[in-house]
Amino acid sequence: MLTALGAGWGGLPFALYRSRPQPVGFSHRVHAGEAGSKCDDCHGFRSDGSFTGIPTLDKCAGCHAAAMGTTAAEKNFIDNYITPRREPQWAAYARQPENVYFSHIAHVKRGKLKCESCHAGHGSTGQLRPYQEDRISGYSRDIWRGKKMTDCVACHLQQGLEHSCLDCHK
Amino acid sequence: MKLSRRDLFIYAGGSAAGALLTPAPWRLITDTALWSENWPGIPAPPRGEIRTRFTNCSLCRAGCAVRARCVGDQPVQLAGVAAHPLSRGALCPFGLTGHHLPFHPARLKQGSAEQALGAVSAAISDAGSGRIAVLDLRPGRTVSWTYRRAMAKLNGLYIAPGQSVAYDLHQAKTVLSLGVPLLDGWGTPGNVWAARPGFRLIQAEPIQSRTAALADVWLPVQPGTEDTLALAIANAIENRNGDDERAVSVANELTQNGPALVLDNYGSAAVMALNQSLGAAGHTMVAMPEAPVPDTWRKAAPATSLAQMEDRSIGVLLIDESAVDGYLPWHTIEPKLVRDNPVVVTFASGRGGYARHAQFALPAGVYPEFAEDIPTAVDSPAATFRISTPLVAPPAGMVNPAGFIGALAGLPKSDAVRERADAIHRAGRGTLFTPADAKTVAVRDITAEAFWKSLSEAGCWIDEAGNTQAPEAQPPESEPWPSGSGGLVAILSAQHTPPLMSPLMSKVYQESNLRLAPNWIALHPSDARAARLENGAEAFLQTRLGKCGVRVAVDPAVPAGMVQVGTAPGILDVCGPAARAKVVAV
């Protein structure tokens, strides 16, 4: 029993998840702190209200066409991505399964939620942690470790807001 | 240490028990379920560039402007266009879910056009097999003109049961509606609701429909007595008095709070005469306007009604039910067909309509798969011209009805919609609204190319105001339904229902009884008890013309002694307005 408990609790995460690093060493702390950027400077909304998610290379190139600092990470980014115009293959921690729809604009603009309400301290991290992919389902580990459906429902109940299956599950 | 068999069992049992206390088995169950969601063949939302495209909804002749949010080439959300001068940003539930229709499971996908063409050609060449006719369930389109031109070449008949009158609600101060679902899909939803604050609505209807509930006055009437009420009101207007107090009251309101307008579902002569006496003709009620057409098209077969045709005279009947504004019951069509082997070909999106009676049911494209213009809406006194721009590609094997019938008559292949757009531009009248920039320009200020480009991007041409042509009285499409005696009196749901509707919409909209589904009937609880039927039960609706399988909704809003019936073609084939019907359990 002890063996099974040890394997189940300790070994499962290593066996089930495949870790891979993000393509670029990116610091939210530097951008949000020293550079003074706000979340929606990079993660904004399109004219039709849809969420842009992770910014594309064009957005990054707006500031980093030439080096702004002296760090090796920035030099690597410019040499390997900006200059050859190669889009970094970011892995989105919070990408939901295909049958789940989440509207950022409804929560941020209408609900006036702060980004930190759901993404906690992600905006002040010094480096991007490795992306962990479930070997079986192919989804990010964060969709279970981060905010779950029960958290959405709990918040809606707490705020006295209506909710139904078809709001999110299409 | 020596391991015994018992030790192994204990070890295995302990491991199994221990495993159940870890996340491993539960995690594996969940992950396996998620993994199965992404198996090959399971549809997944597309990923791609998000962009906005525009079209006009062709599910009914309201032709509301549609803004489609697309991921790549796939529309994923439809919404209205707020700045549109006619539809004003509104879409009905059918329109909001129109992008689901290409994937409808009941869609007709197979049918041999070659075999149908062979059978039709053989019947045409056989001199004794009767005439050829086209039944067009949405007249006024450019394809309608193609049918008329083809019938002129083939000495055939063009049957068009469509709308011949248009109404101007914005000019009316009082509206008497005789069972018309004015606020529930009758006209262009945005336009009707924009006009609604300006008129007082009197709804005469047997049942308190949603329009009746939202009217200023609801007059409950017996089914089939709408014409009698119209005659009584006309009599009260003419004689300044009458025996029917209710009719006198309505007459006073119509005459004292004009301009007034009377609407009905069947274009009856009594209602037409009442509108004449109220001064509505040529003012709030005008002849259905139509966009200009090329002069060369004018040598076309005139529109004919079934009532004007000789019995047993049609040998080949081609039915375009790819776009439907109404349904002619089969018992009114069948007597017009020759007795021996008539050839009936229908172009349809599903098997529920005339496909049940046709030798050949050929699959036609559905909205929003094909480019087609939309005729002027019933609530637009000025002619309009809009194109339903395709948002998705049709599947292989779809048959174009205009191409089929045009080829039969040997009409030269051409882009008829473009030719008509050029004719409208040459006329130089009216304005053009373009949804992408929400701008309106005068047609005379733009080139023909720019006009066509805007129309191709869901632009809307609106003719100049000032249509004062009074409508002509039309002969009825068929004989009035005999009133008979005994049984329940049928109330026909007058709402327009497209042949296909989104399964998702029917789930949230019809199973909750917000709207009677096409193949359902509704009974008062006492009538349901007498027939030993419960809510949701299967039953047969029987009339003198036959019976039809239906589902039953028990609804206390339906008066006792009456049965409200849906609009499925199977029901309409056996049941007409104020018909006497029986409902029996299966």
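Residues numbered from 1 in each chain as written. Chains lettered and ligands numbered in written order. Predicted model: local features only at pLDDT ≥ 70, side-chain atom pairs only at ≥ 80, totals over all residues. Heavy atoms only, no water.

**Student:** Explain the overall build of chain A here, please?
**Tutor:** Looking only at helices and strands, chain A has 10 helices and 2 strands in total. The order of helices and strands in chain A, counted from the N terminus, is α-β-α-α-α-α-α-α-β-α-α-α. Seen through its principal axes, chain A has C-alpha atoms that stretch 55 × 45 × 25 Å. Within chain A, buried positions represent 23% of all 170 residues. In chain A, 66% of the contacts between residues at least 6 apart in sequence involve partners at least 24 apart. Surface summary for chain A: the accessible area is close to 11,400 Å², and the carbon and sulfur share equals 59%. (Helix = DSSP H or I, 4+ residues; strand = E, 2+ residues; numbered from the N terminus. Buried < 20%, exposed > 50% of the residue type's maximum accessible area, 1.4 Å probe, protein only. Contact = heavy atoms within 4.5 Å. Areas by Shrake-Rupley, 256 points an atom, 1.4 Å probe, with all protein chains shown as cover.)

**Student:** For this particular structure, what's the right way to read the interface of chain A and chain B?
**Tutor:** Reports often express the size of an interface as the amount of accessible area lost when the parts come together. Chain A puts 22 residues into the contact, and the matching count from chain B is 26 residues. Counting each side, the surface lost to burial between chain A and chain B is near 2,100 Å², with a carbon and sulfur contribution of 63%. Among the residues of chain A in contact with chain B, Met1, Glu98 and Ile136 of chain A are the three that bury the most area, contributing 28% of the side total. Connecting chain A to chain B are 2 residue pairs in polar contact (both at pLDDT 80 or more). Take the side of chain A that touches chain B: its biggest share by element is 7 residues, from helix H1 (residues 2-16) of chain A. Residue composition of the side of chain A that touches chain B, by class: 12 nonpolar, 5 polar and 5 charged. (Buried area = accessible area lost by both parts, 1.4 Å probe. Polar contact = N/O pair within 3.5 Å; in protein donor to acceptor, adjacent residues only side chain to side chain. Nonpolar A, V, L, I, M, F, W, Y, C, P; charged D, E, K, R; others polar.)

**Student:** Even after reading the chapter, I still don't get unusual backbone geometry, so can you show me in this structure?
**Tutor:** The phi angle of most residues is negative, glycine excepted, and most peptide bonds adopt the trans form. Residues and elements named next belong to chain B. Cis geometry marks the peptide bond from Gly258 to Pro259, where omega comes out at 0 degrees. Position of Pro259 relative to the elements: it lies in the loop between helix H10 (245-256) and strand E10 (260-264). Following Tyr367, the chain continues into Pro368 via a peptide bond in cis, with omega recorded as 0 degrees. Look at Arg88: it is not a glycine, yet its phi comes out positive at around 55 degrees.

**Student:** Before we go on, may I ask you to explain the confidence of the model for chain A in this structure?
**Tutor:** Should pLDDT be low for a region, the predicted coordinates there are not to be read in detail. Overall, the prediction assigns chain A a mean pLDDT of 88, with 100% of residues at 70 or greater. The least confident element of chain A, judged by mean pLDDT, is helix H8 (residues 142-145) of chain A at 78; the most confident is helix H6 (residues 104-110) of chain A at 93. (pLDDT = per-residue confidence, 0-100.)

**Student:** How should the packing of aromatic side chains be read in this particular structure?
**Tutor:** Any two aromatic rings considered together are summarised by their centre-to-centre distance and by the angle between their planes. Residue and element names in this part refer to chain B. Applying the stated rule across the entire model yields 9 aromatic pairs over all chains. Through a chain of ring-to-ring contacts, three or more aromatic side chains come together here, namely Tyr327, Trp330 and Tyr354. Here the basic side chain of Lys547 rests over the ring of Phe540, its NZ or CZ set 4.3 Å away from the ring centre. (Phe/Tyr/Trp six-rings, centres within 6.5 Å; stacked < 30°, edge-to-face > 60°. Lys NZ or Arg CZ within 6 Å of the ring centre and 35° of its normal.)

**Student:** Help me understand the packing of H1 of chain A against helix H1 (residues 5-20) of chain B, please; the structure alone is not making it clear to me.
**Tutor:** When two helices pack together, their arrangement is captured by the angle between the axes and the distance separating the axes. Contact geometry for H1 of chain A and H1 of chain B: axes closest at 7 Å, N-to-C directions at 35 degrees. When the axes of H1 of chain A and H1 of chain B are compared, the crossing they make is right-handed. Here H1 of chain A contributes Thr3, Ala4 and Leu5 of chain A to the contact with H1 of chain B, which in turn contributes Tyr11, Ser15, Gly18 and Ala19 of chain B. Across the contact of H1 of chain A with H1 of chain B, the residue classes break down as 4 nonpolar, 3 polar and no charged. (Axes fitted to C-alpha atoms, helices over the stretch in contact; angles between N-to-C directions. Left-handed = near helix turned anticlockwise from the far one by under 90°.)

**Student:** What is the right way to read the sheet that holds strand E22 (residues 520-523) of chain B from this model?
**Tutor:** Picture the strands of a sheet paired through backbone hydrogen bonds; they go either parallel or antiparallel. Residue and element names in this part refer to chain B. Read once around its circumference, the closed barrel built from 6 strands follows the order E21-E25-E22-E24-E23-E26, with strand pairing classed as mixed. The average undirected angle you get between the axes of adjacent strands in this sheet is 45 degrees. Sheet analysis places strand E21 (residues 488-492) next to strand E26 (residues 580-585), joined by 2 bridges and oriented antiparallel. Its bridge partner being in E26, Leu488 is matched across the sheet by Ala581. (Pairing = 2+ DSSP bridges.)

**Student:** What exactly am I supposed to notice about the pattern of salt bridges here?
**Tutor:** Two side chains of opposite charge can pair, provided their charged atoms sit close to one another. Residue and element names in this part refer to chain B. Applying the stated criterion to the full structure yields 25 salt bridges over all chains. For Asp136, the salt bridge is made with Arg141, and the minimal N-O distance between the two is 2.7 Å. In this pair, the class of Asp136 matches that of Arg141, namely buried. Each of the salt bridges in this network shares a partner with another, and the network as a whole consists of Asp136, Arg141, Asp320 and Glu372. (Salt bridge = Lys/Arg side-chain N within 4 Å of Asp/Glu carboxyl O.)

**Student:** Honestly, the sheet that holds strand E20 (residues 460-462) of chain B in this entry has me stumped. Any pointers?
**Tutor:** Residue and element names in this part refer to chain B. Strand order in the open sheet formed by 5 strands is E16-E17-E20-E18-E19, and the pairing between neighbours is antiparallel. Sheet topology places strand E16 (372-374) and strand E19 (439-442) at the edges, where each strand pairs with a single neighbour. Sheet twist, expressed as the average angle between the axes of neighbouring strands with direction ignored, equals 25 degrees. Where strand E18 (residues 431-434) and E20 come together, 3 bridges link them in antiparallel fashion.

**Student:** Quick question: what am I supposed to make of the nonpolar core here?
**Tutor:** Considering soluble globular proteins, one finds that nonpolar side chains tend to be buried as a cluster. Residue and element names in this part refer to chain B. Leu318, Val345, Phe347, Phe404 and Ile405 are the most contacted members of the largest nonpolar core, which has 28 residues in total. At the level of secondary structure, the elements contributing two or more residues to this core comprise helix H4 (113-125), strand E4 (131-136), helix H5 (142-153), strand E13 (314-320), strand E14 (343-348), strand E15 (360-363) and helix H13 (401-409). Among the elements that line this core, the one with the most residues is H13, at 5 residues. Discounting chain neighbours no more than four positions away, the residues touching Phe347 are Leu318, Ile319, Asp320, Glu321, Ser322, Leu362, Ala364, Val399, Pro401, Phe404 and Ile405. Core analysis: the second largest hydrophobic core is formed by 23 residues, Ala204, Ala247, Val250 and Leu274 among them. (Core = buried A, V, L, I, M, F, W, Y, C linked by side-chain atoms within 4.5 Å.)

**Student:** Sorry, what's going on with the environment of Glu449 of chain B here?
**Tutor:** Residues and elements named next belong to chain B. Among the secondary structure elements, Glu449 is positioned in helix H15 (residues 448-456). Note: C-alpha distance between Glu449 and Leu572 (123 residues apart in sequence) is 45 Å. In this structure the side chain of Glu449 is engaged in a polar contact, spanning 3.1 Å, whose partner is the side chain of Arg418.

**Student:** Just checking my understanding: could you explain the pairing of strand E17 (residues 384-388) of chain B for this structure?
**Tutor:** The two faces of the sheet receive side chains in turn, since in a regular strand these alternate between them. All names here are of chain B. Burial analysis of E17 places 5 of its 5 residues in the buried class, the great majority of the element. A two-sided burial pattern is seen for E17, the buried positions comprising Thr384, Arg386 and Ser388 on one face and Phe385 and Ile387 on the other. One ladder, built from 3 bridges, connects E16 with E17; its direction is antiparallel. Across the sheet, the residue bridging to Glu372 is Ser388, located in E17. Of the strand pairs in this sheet, E17 and E20 are connected by 3 bridges, and their pairing is antiparallel. Its bridge partner lying in E20, Arg386 is registered against Cys460.

**Student:** Got a minute to help me understand helix H11 (residues 269-278) of chain B in this structure?
**Tutor:** Spacing of three or four residues puts side chains on the same side of an α-helix, whose turn is 3.6 residues. Residue and element names in this part refer to chain B. For H11, the complete set of buried residues consists of Ala270, Val271, Met272, Leu274, Asn275 and Leu278. On the buried face of H11, the contacting elements are strand E6 (165-167), strand E7 (174-178), helix H9 (226-239), H10, E10 and strand E11 (285-287). Of the residues one or two after H11, Gly279 is the one with positive phi, at around 80 degrees.

**Student:** Hey, could you run me through H1 of chain A in this one?
**Tutor:** Along its 15 residues, H1 of chain A runs 20 Å from first to last C-alpha, staying within 8% of the 21 Å computed at 1.5 Å per residue. Maximum bend of H1 of chain A: about 45 degrees, positioned at Gly10 of chain A, with proline Pro13 of chain A one to four residues after it. Looking only at H1 of chain A, the buried set comprises Ala4, Gly8, Leu12 and Leu16 of chain A. On the buried face of H1 of chain A, the contacting elements are strand E1 (17-20) and strand E2 (131-134) of chain A together with H1 and helix H2 (24-37) of chain B. (Expected span 1.5 Å × (residues − 1). Bend = angle between axes of the 7 residues up to and from the residue.)

**Student:** Would you mind showing me how to read the packing of H5 of chain B against H13 of chain B here?
**Tutor:** Residue and element names in this part refer to chain B. Two elements in contact, H5 and H13, have axes whose closest approach is 9 Å; the angle formed by their N-to-C orientations is 20 degrees. Put simply, H5 runs roughly parallel to H13. Both H5 and H13 take part in a crossing whose hand is left-handed. Where H5 abuts H13, its residues Val143, Thr146, Tyr147, Ala150, Met151 and Lys153 lie against Pro401, Ala402, Ile405 and Ala409. Of the residues contributing to the contact of H5 with H13, the split by class is 8 nonpolar, 1 polar and 1 charged. (Parallel < 35°, antiparallel > 145°, perpendicular 65-115°, else oblique.)

**Student:** Explanation requested: the pairing of E7 of chain B in the structure shown.
**Tutor:** Residue and element names in this part refer to chain B. The element E7 is largely enclosed, with a buried count of 5 among its 5 residues. Burial of the side chains of E7 extends over both faces: Thr174, Leu176 and Leu178 are buried on one face and Val175 and Ser177 on the other. With 5 bridges joining them, E7 and E10 adopt parallel strand pairing. Note on E10: the bridge partner recorded for Thr174 is Ala260.

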